Amino acid sequence: MKILLGRTDIVDFPKLELFDIDIKVDSGAYTSSFHCHSIQEEKDVLKCQFLDPKHEKYHEKYFTFTEFTQKKVKSSNGIIENRYLIKTEILIFNEIHSIELSLTERGSMKFPVLLGRKFLSKKFMVDTSKKNLSFKNRIIKI
């Protein structure tokens, strides 16, 4: 049975130590993407910082990944970019799910994360009139 998801929500990325992150559902996008900057590949290690220094959840921590791939992705403005893809976990509707994220500079965007069809399909149905359904049903663990 599919879970009802609204057009926006607030989720956690526990492995990235990023919590209460605003996401937007983008059923027009195949892959999900996360805003990051200072993306560098050196000796088979990918290094980056998530979010933007102006973002309230930003911390200066660099993340490193030894498992990553690259893929050509066409953005909404039609420009094809070569992007890095990583696998991590997302906490949504009180469940941990694996997610593949393309890393891109989205500093000018309101939402740092877009969830695409690859993640949404077979798990969620989207009602664009709703917002923050997962966040409203969050189980607080103390």
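Structural data are supplied above this passage.
Residues numbered from 1 in each chain as written. Predicted model: local features only at pLDDT ≥ 70, side-chain atom pairs only at ≥ 80, totals over all residues. Heavy atoms only, no water.

Let us look at the overall build of the chain. In terms of regular secondary structure, the chain is built from two helices and 10 strands. When the helices and strands of the chain are read in sequence order from the N terminus, they spell out β-β-β-β-β-β-β-β-β-α-β-α. The C-alpha atoms of the chain give 15 Å as radius of gyration, which agrees with the globular expectation for 142 residues (14 Å, within 12%). In terms of overall dimensions, the chain has a C-alpha envelope of 40 × 40 × 25 Å along the principal axes. Residue burial in the chain is summarised as follows: out of 142 residues, 42% are buried. Here the contacts in the chain between residues at least 6 apart in sequence split such that 56% fall between residues at least 24 apart. As displayed, the chain offers around 8,800 Å² of accessible surface, 50% of which is attributable to carbon and sulfur atoms. (Helix = DSSP H or I, 4+ residues; strand = E, 2+ residues; numbered from the N terminus. Rg over C-alpha atoms; globule rule 2.2 N^0.38 Å. Buried < 20%, exposed > 50% of the residue type's maximum accessible area, 1.4 Å probe, protein only. Contact = heavy atoms within 4.5 Å. Areas by Shrake-Rupley, 256 points an atom, 1.4 Å probe, with all protein chains shown as cover.)

Attention shifts here to unusual backbone geometry. The phi dihedral of Lys 43 is positive, around 50 degrees, even though this residue is not glycine. The phi dihedral of Asp 44 falls on the positive side, at around 60 degrees, and the residue is not glycine. Of note, Asp 44 is situated in the loop between β3 (32-42) and β4 (45-50).

Among the secondary structure elements, Leu 91 is positioned in strand β7 (residues 80-92). Leu 91 sits in the partly exposed class, given a relative accessible area of 26%. Through-space distance from the C-alpha of Leu 91 to that of Lys 15 is 10.0 Å; in sequence the pair is 76 residues apart. Residue contacts for Leu 91: discarding those within four places in its chain leaves Val 11, Asp 12, Pro 14 and Ile 96.

Another point: empty space enclosed by the protein. If you walk through the whole model with that rule in mind, you get one cavity of 30 Å³ or more. A volume near 40 Å³ is recorded for the largest cavity. When residues of the lining of the largest cavity are traced back to their parent elements, those giving at least two are β1 (3-13), β7 and α2 (133-136). Partitioning the lining of the largest cavity into residue classes produces six nonpolar, two polar and one charged. (1 Å grid on protein atoms, 1.4 Å probe; cavity = no way out; pocket = protein on both sides within 12 Å on 5 of 7 lines; lining within 4 Å. Points joined across faces, edges and corners; volume = space filled by probe spheres on them. Nonpolar A, V, L, I, M, F, W, Y, C, P; charged D, E, K, R; others polar.)

The next subject is the pattern of salt bridges. One pass over the full model with this rule turns up six salt bridges. In this structure, the salt-bridge partner of Asp 20 is Arg 138, at a minimum N-O distance of 2.6 Å. One end of the pair, Asp 20, is in strand β2 (residues 18-25); the other, Arg 138, is in the segment after α2, with 118 residues separating them in the sequence. What makes Asp 20 partly exposed here is its relative accessible area of 28%. Judged by relative accessible area, which is 25%, Arg 138 ranks as partly exposed. Taken together, the shared-partner salt bridges connect Asp 12, Asp 20 and Arg 138 into one network. (Salt bridge = Lys/Arg side-chain N within 4 Å of Asp/Glu carboxyl O.)

Across all of its chains, the model carries seven aromatic pairs by this definition. Measuring from centroid to centroid gives 4.8 Å for Phe 34 and Phe 50, while their planes differ by 70 degrees, and the two rings are edge-to-face. One end of the pair, Phe 34, is in strand β3; the other, Phe 50, is in strand β4, with 16 residues separating them in the sequence. Exposure class is identical for Phe 34 and Phe 50. Each is buried. Between Phe 93 and Phe 124, the aromatic rings sit 6.0 Å apart at their centres with planes inclined by 35 degrees, giving tilted as the arrangement. Of this pair, Phe 93 sits in the loop between β7 and β8 (95-104) while Phe 124 sits in strand β10 (residues 124-131), placing them 31 residues apart in sequence. Judged by relative accessible area, Phe 124 falls into the buried class, the value being 5%. Through pairs of rings, three or more aromatic residues link up here, namely Phe 13, Phe 34, Phe 50, Phe 63 and Phe 65. (Phe/Tyr/Trp six-rings, centres within 6.5 Å; stacked < 30°, edge-to-face > 60°.)

Any link to function would need more than the numbers given here.
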